[in-house]
Amino acid sequence: MSNTHIPVITIDGPTASGKGTVAQKVAQHLGFHYLDSGALYRLTALSVLRRNIALDDEHALAKAAQHLHCHFSGAHIFLASEDVSNDIRAEEVGNLASKIAAIPTVRQALYGLQLSFRQHPGLVADGRDMGTVIFPHAGLKVFLTASVEARAQRRYKQLIEKGVSAIMQHLLKDLMERDARDINRSSAPLRAAGGAYLLDTSEMTADEAVEQVLGWYAATRQI
Ligand code: DC
């Protein structure tokens, strides 16, 4: 049976904009499923790194995405049976994810897997193209932004809390490079979907952003 009647909220935005935290909290509040689509690109990147696949071997890259044996269990993410929740957050993996995400055949290979997350009673999906490509008919679309400085600060804090050393200048440079790649690629570039609500969280806490998204969602239910 078609699942297009199952509600979807899309939350797109640039790297380190806080969309993951906000999307997870919104999903938790509504009792909805959660899709971290960036994790699928990161899992593909990790698999590519481990198998030493060359960046110019498009066929092998798409195949790695197509045959991604992954599953999600709460906050844990598994590749085959290995818990790779931390490994996929490494900066090296994120950078490679951004590079392979520019390849249309890789994106196509992950399309069906993303659709399969739309299950009762609803889904909150976060990424870059959730509202533009994957769920263009979502009932609520949000585009979350924050200044590059605010995002670099957040990433710096996260890394230091994890005991990973970080240099602010490098983080800023990495973020700007990744933004440029995500925005300028021809296949599903990062941009706000038509009808998306824009939310700049530079000066907001995650809870304030969650409240705003829940408010918008409640409003769509009253129409
Ligand atoms: O959200 P993230 O940082 O975990 O995503 C990692 C990379 O994956 C990001 O640089 C771009 C890519 N990505 C994408 O192209 N489309 C998505 N829907 C999600 C992520």
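Described below are features of the structure shown in this document. (Residues numbered from 1 in each chain as written. Predicted model: local features only at pLDDT ≥ 70, side-chain atom pairs only at ≥ 80, totals over all residues. Heavy atoms only, no water.)

**Brief notes about helix α2 (residues 37-50)**
An ideal rise of 1.5 Å per residue puts 20 Å on 14 residues; α2 measures up with 20 Å between its terminal C-alpha atoms. Of all 14 residues in α2, eleven are buried, a share of seventy percent or more. Three or more residues of α2 are buried, namely Ser37, Ala39, Leu40, Tyr41, Arg42, Leu43, Thr44, Ala45, Leu46, Ser47 and Val48. Phi turns positive, to about 55°, at Asn52, one or two residues after α2. (Helix = DSSP H or I, 4+ residues; strand = E, 2+ residues; numbered from the N terminus. Expected span 1.5 Å × (residues − 1). Buried < 20%, exposed > 50% of the residue type's maximum accessible area, 1.4 Å probe, protein only.)

**With respect to the side chain of Thr10**
On the secondary structure map, Thr10 appears in strand β1 (residues 8-12). Residues in contact with Thr10, not counting those within four places in the same chain, are Ala125, Met130, Gly131, Phe135, Ala138, Leu140, Lys141 and Val142. (Contact = heavy atoms within 4.5 Å.)

**Section: the layout of surface pockets**
Empty space among the atoms becomes apparent when a probe as large as a water molecule is rolled across them. Reported here for the second largest pocket is a volume of approximately 200 Å³. Forming the boundary of the second largest pocket are 16 residues, of which Thr4, Val8, Arg118, Phe135 and His137 lie nearest the centre. If you list the elements that add at least two residues to the lining of the second largest pocket, you get α5 (104-115) and α6 (130-134). (1 Å grid on protein atoms, 1.4 Å probe; cavity = no way out; pocket = protein on both sides within 12 Å on 5 of 7 lines; lining within 4 Å. Points joined across faces, edges and corners; volume = space filled by probe spheres on them.)

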